[in-house]
Amino acid sequence: GRLVIAKVRASDTTAAIRNLLANFSPDRQDSARLQLGELLRGVVAQRLVPRADSRGRMVVAEVMLMTPGVRDVLTDAGRLSELRNTLSEGRAQYGTQTFDQQLADRVIGGQVSFDVAVTLATNTITNAVESSIANGSDVDARDDIQVKAIDTSSVNADTASAPVLSSSLATI
């Protein structure tokens, strides 16, 4: 296979996919969606957020791995808005996660202040914090956001849920 690495400026994984599809003419977008569903392995979008201890910034990442649910959402033109929910629901089984889920983990772990998390959250952070607590999370800025690509075929559940230090996606 081939490893393809790309860097895209986007606010999250959904925006990265939209940006990618926008490069295709409208009559070729359905074909592009199908190819993404077959070839894409994952997307990781990252943001740097202020640390609670005021000692710089830390990464908060949204992780999209190609799961059956993600594939279904990507290949259907009308369902891209469902991607965030699909990532959230696949966290325990597949290692996918939303920004809000990792922000909540960072708040619970004392690494990011609640006030900062509320400001940066896509949805209400209190729901994500409550969900993380309920799911037994043990905690492993809309600043400069980068999305890249990397081969994730060797990623297992343990490494997929670890803090992500680079953004990635891959095709074969």
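Rules and cut-offs
- Residues numbered from 1 in each chain as written.
- Predicted model: local features only at pLDDT ≥ 70, side-chain atom pairs only at ≥ 80, totals over all residues.
- Heavy atoms only, no water.
- Helix = DSSP H or I, 4+ residues; strand = E, 2+ residues; numbered from the N terminus.
- Buried < 20%, exposed > 50% of the residue type's maximum accessible area, 1.4 Å probe, protein only.
- Arc of directions from axis to C-beta.
- Contact = heavy atoms within 4.5 Å.
- Core = buried A, V, L, I, M, F, W, Y, C linked by side-chain atoms within 4.5 Å.
- Salt bridge = Lys/Arg side-chain N within 4 Å of Asp/Glu carboxyl O.

Draft legend 1. Spatial organisation of unusual backbone geometry. Positive phi, close to 60°, is recorded for Ser-54, a residue that is not glycine. Structurally, the position occupied by Ser-54 is in the loop between β1 (42-50) and β2 (57-65).

Draft legend 2. Inspection of helix α2 (residues 29-39) at higher detail. Of the residues making up α2, those classed as buried are Ala-32, Arg-33, Leu-36 and Gly-37. The arc enclosing the buried residues of α2, seen along the axis, measures out at 140°, which places them on a common side. Considering only its buried residues, α2 is in contact with α1 (13-22) and α3 (68-75).

Draft legend 3. Here's a closer look at the nonpolar core. If you look at the biggest cluster of nonpolar residues, it comprises 17 residues, and the most contacted ones within it are Ile-17, Leu-40, Val-43, Met-64, Val-70, Leu-74 and Leu-83. Element by element, the count of residues in this core is highest for α1, at four residues. Aside from chain neighbours lying at most four places away, what touches Leu-83 is Thr-13, Thr-14, Met-64, Val-70 and Val-73. Val-49, Met-58, Ala-117 and Leu-120 belong to the second-largest nonpolar core, a separate cluster that totals 11 residues.

Draft legend 4. Highlighting the pattern of salt bridges. Applying the stated criterion across every chain yields a total of five salt bridges. Between Asp-30 and Arg-33 there is a salt bridge; the shortest N-O distance is 3.4 Å. Taken together, the residues span about one helical turn, with Asp-30 and Arg-33 both in helix α2 at a distance of three residues. The class of Asp-30 is exposed, set by a relative accessible area of 51%. You can call Arg-33 buried: its relative accessible area is 11%.

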